[in-house]
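What follows is each chain in one-letter form.
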Amino acid sequence: MFFVVTKYLTPRGFRGLTIFPFVFMKYASDKVNPVFINHEKVHLKQQLELLILPFFIWYGLEYLIRLLQYRNAYLAYKNISFEREAYANESNLDYLNERRLFSFLYYIRLNK
Ligand SMILES: [Zn+2]
(Lines give C-alpha, C1' and ligand atoms only; values in the text may rest on other atoms or scores of the structure.)
Protein backbone atom coordinates (compact mmCIF):
# COMPACT_ATOMS: atom_id res chain seq x y z
CA MET A 1 0.00 0.00 0.00
CA PHE A 2 1.39 3.36 -1.05
CA PHE A 3 0.08 6.68 0.18
CA VAL A 4 -0.04 9.61 -2.21
CA VAL A 5 -1.10 12.97 -0.83
CA THR A 6 -2.70 14.99 -3.61
CA LYS A 7 -5.39 17.60 -3.94
CA TYR A 8 -6.07 16.66 -7.52
CA LEU A 9 -6.77 12.94 -7.71
CA THR A 10 -9.28 12.72 -4.90
CA PRO A 11 -12.79 13.43 -6.18
CA ARG A 12 -14.50 16.61 -4.98
CA GLY A 13 -16.04 16.15 -1.59
CA PHE A 14 -13.97 13.04 -0.83
CA ARG A 15 -10.88 12.56 1.28
CA GLY A 16 -9.53 9.42 -0.31
CA LEU A 17 -9.45 7.29 -3.41
CA THR A 18 -7.95 3.82 -3.47
CA ILE A 19 -6.70 2.26 -6.67
CA PHE A 20 -4.63 -0.77 -5.80
CA PRO A 21 -1.88 -0.44 -4.62
CA PHE A 22 -2.25 3.32 -4.12
CA VAL A 23 -4.26 5.30 -1.63
CA PHE A 24 -4.65 8.86 -2.85
CA MET A 25 -5.57 11.24 -0.06
CA LYS A 26 -6.32 14.89 0.26
CA TYR A 27 -4.82 15.35 3.73
CA ALA A 28 -1.45 14.04 4.88
CA SER A 29 -2.88 13.81 8.41
CA ASP A 30 -5.09 10.92 7.24
CA LYS A 31 -1.95 8.75 6.98
CA VAL A 32 -2.23 8.29 10.74
CA ASN A 33 -6.04 8.24 10.93
CA PRO A 34 -6.77 4.58 11.74
CA VAL A 35 -10.43 4.74 10.66
CA PHE A 36 -9.54 6.32 7.32
CA ILE A 37 -6.77 3.79 6.72
CA ASN A 38 -9.02 0.90 7.69
CA HIS A 39 -11.72 2.09 5.27
CA GLU A 40 -9.25 2.27 2.41
CA LYS A 41 -7.74 -1.11 3.34
CA VAL A 42 -11.19 -2.67 3.02
CA HIS A 43 -11.29 -1.30 -0.54
CA LEU A 44 -7.82 -2.71 -1.24
CA LYS A 45 -9.04 -6.17 -0.16
CA GLN A 46 -12.19 -5.85 -2.27
CA GLN A 47 -10.14 -4.80 -5.28
CA LEU A 48 -7.77 -7.74 -4.91
CA GLU A 49 -10.67 -10.17 -4.57
CA LEU A 50 -12.09 -8.96 -7.86
CA LEU A 51 -8.68 -8.76 -9.56
CA ILE A 52 -8.81 -4.96 -9.58
CA LEU A 53 -10.30 -3.94 -12.94
CA PRO A 54 -13.62 -5.80 -12.47
CA PHE A 55 -13.94 -4.01 -9.13
CA PHE A 56 -14.07 -0.64 -10.85
CA ILE A 57 -16.51 -1.86 -13.52
CA TRP A 58 -18.77 -3.30 -10.83
CA TYR A 59 -18.38 -0.16 -8.70
CA GLY A 60 -19.42 2.05 -11.62
CA LEU A 61 -22.37 -0.13 -12.62
CA GLU A 62 -23.61 -0.45 -9.07
CA TYR A 63 -23.32 3.31 -8.65
CA LEU A 64 -25.59 3.81 -11.67
CA ILE A 65 -28.12 1.30 -10.31
CA ARG A 66 -28.06 3.00 -6.90
CA LEU A 67 -28.52 6.35 -8.59
CA LEU A 68 -31.72 5.07 -10.17
CA GLN A 69 -32.74 3.62 -6.82
CA TYR A 70 -32.02 6.66 -4.64
CA ARG A 71 -32.02 9.54 -7.17
CA ASN A 72 -29.31 11.19 -5.10
CA ALA A 73 -25.59 11.03 -5.94
CA TYR A 74 -24.38 10.93 -2.34
CA LEU A 75 -26.86 8.27 -1.24
CA ALA A 76 -26.05 6.26 -4.35
CA TYR A 77 -22.33 6.36 -3.47
CA LYS A 78 -22.90 5.49 0.21
CA ASN A 79 -25.02 2.48 -0.75
CA ILE A 80 -22.64 0.82 -3.19
CA SER A 81 -22.03 -2.56 -1.55
CA PHE A 82 -18.26 -1.90 -1.36
CA GLU A 83 -18.90 1.38 0.46
CA ARG A 84 -21.55 -0.11 2.74
CA GLU A 85 -19.06 -2.73 3.85
CA ALA A 86 -16.24 -0.21 4.28
CA TYR A 87 -18.33 2.34 6.20
CA ALA A 88 -20.00 -0.30 8.37
CA ASN A 89 -16.67 -1.72 9.50
CA GLU A 90 -14.13 1.11 9.26
CA SER A 91 -14.16 1.68 13.03
CA ASN A 92 -13.52 -1.99 13.78
CA LEU A 93 -9.75 -2.17 13.50
CA ASP A 94 -9.87 -5.98 13.74
CA TYR A 95 -12.32 -6.23 10.87
CA LEU A 96 -9.81 -7.15 8.19
CA ASN A 97 -8.46 -9.99 10.33
CA GLU A 98 -11.95 -11.42 10.82
CA ARG A 99 -13.34 -10.66 7.37
CA ARG A 100 -14.30 -13.49 5.05
CA LEU A 101 -13.66 -13.43 1.32
CA PHE A 102 -16.20 -11.51 -0.77
CA SER A 103 -17.88 -10.06 2.30
CA PHE A 104 -19.14 -7.11 0.27
CA LEU A 105 -21.76 -9.52 -1.11
CA TYR A 106 -23.51 -9.40 2.26
CA TYR A 107 -24.08 -5.68 1.68
CA ILE A 108 -25.51 -5.84 -1.81
CA ARG A 109 -29.21 -6.26 -1.13
CA LEU A 110 -31.28 -3.55 -2.78
CA ASN A 111 -33.94 -2.91 -0.17
CA LYS A 112 -31.75 -1.51 2.57
ZN1 LIG B 1 -14.94 4.08 0.44
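Residues numbered from 1 in each chain as written. Predicted model: local features only at pLDDT ≥ 70, side-chain atom pairs only at ≥ 80, totals over all residues. Heavy atoms only, no water.

Peer 1: How would you summarise the coordination of the zinc ion if you had to cite specific residues and measurements?
Peer 2: Surrounding the zinc ion are the protein donor atoms His-39 (NE2), His-43 (NE2), Glu-83 (OE) and Glu-83 (OE), at 2.0 to 2.7 Å. Each of the four donor atoms around the zinc ion contributes to a set of angles spanning 52 to 156°, which defines the coordination as irregular. Within one chain, the residues donating to the zinc ion are spaced in sequence as H-x3-H-x39-E. Note that His-43 is positioned in helix α1 (residues 34-49) and Glu-83 in helix α4 (residues 81-89), a separation of 40 residues in sequence. Here His-43 and Glu-83 have matching classes, each one buried. (Donors = N, O, S within 2.8 Å, 3.2 Å for Na, K, Ca; no water. Tetrahedral: all angles 85-135°; square planar, octahedral: opposite > 155°, others 65-115°. Helix = DSSP H or I, 4+ residues; strand = E, 2+ residues; numbered from the N terminus. Buried < 20%, exposed > 50% of the residue type's maximum accessible area, 1.4 Å probe, protein only.)

Peer 1: Describe in detail the layout of surface pockets, supporting the description with residues and values.
Peer 2: Taken as a whole, the largest pocket holds about 490 Å³ of empty space. Lining the largest pocket are 23 residues, and of these Phe-14, Gly-16, Tyr-77, Glu-83 and Tyr-87 sit closest to its centre. The leading source of residues in the lining of the largest pocket is α1, at six residues. Classifying every residue of the lining of the largest pocket by side-chain character gives 12 nonpolar, seven polar and four charged. (1 Å grid on protein atoms, 1.4 Å probe; cavity = no way out; pocket = protein on both sides within 12 Å on 5 of 7 lines; lining within 4 Å. Points joined across faces, edges and corners; volume = space filled by probe spheres on them. Nonpolar A, V, L, I, M, F, W, Y, C, P; charged D, E, K, R; others polar.)

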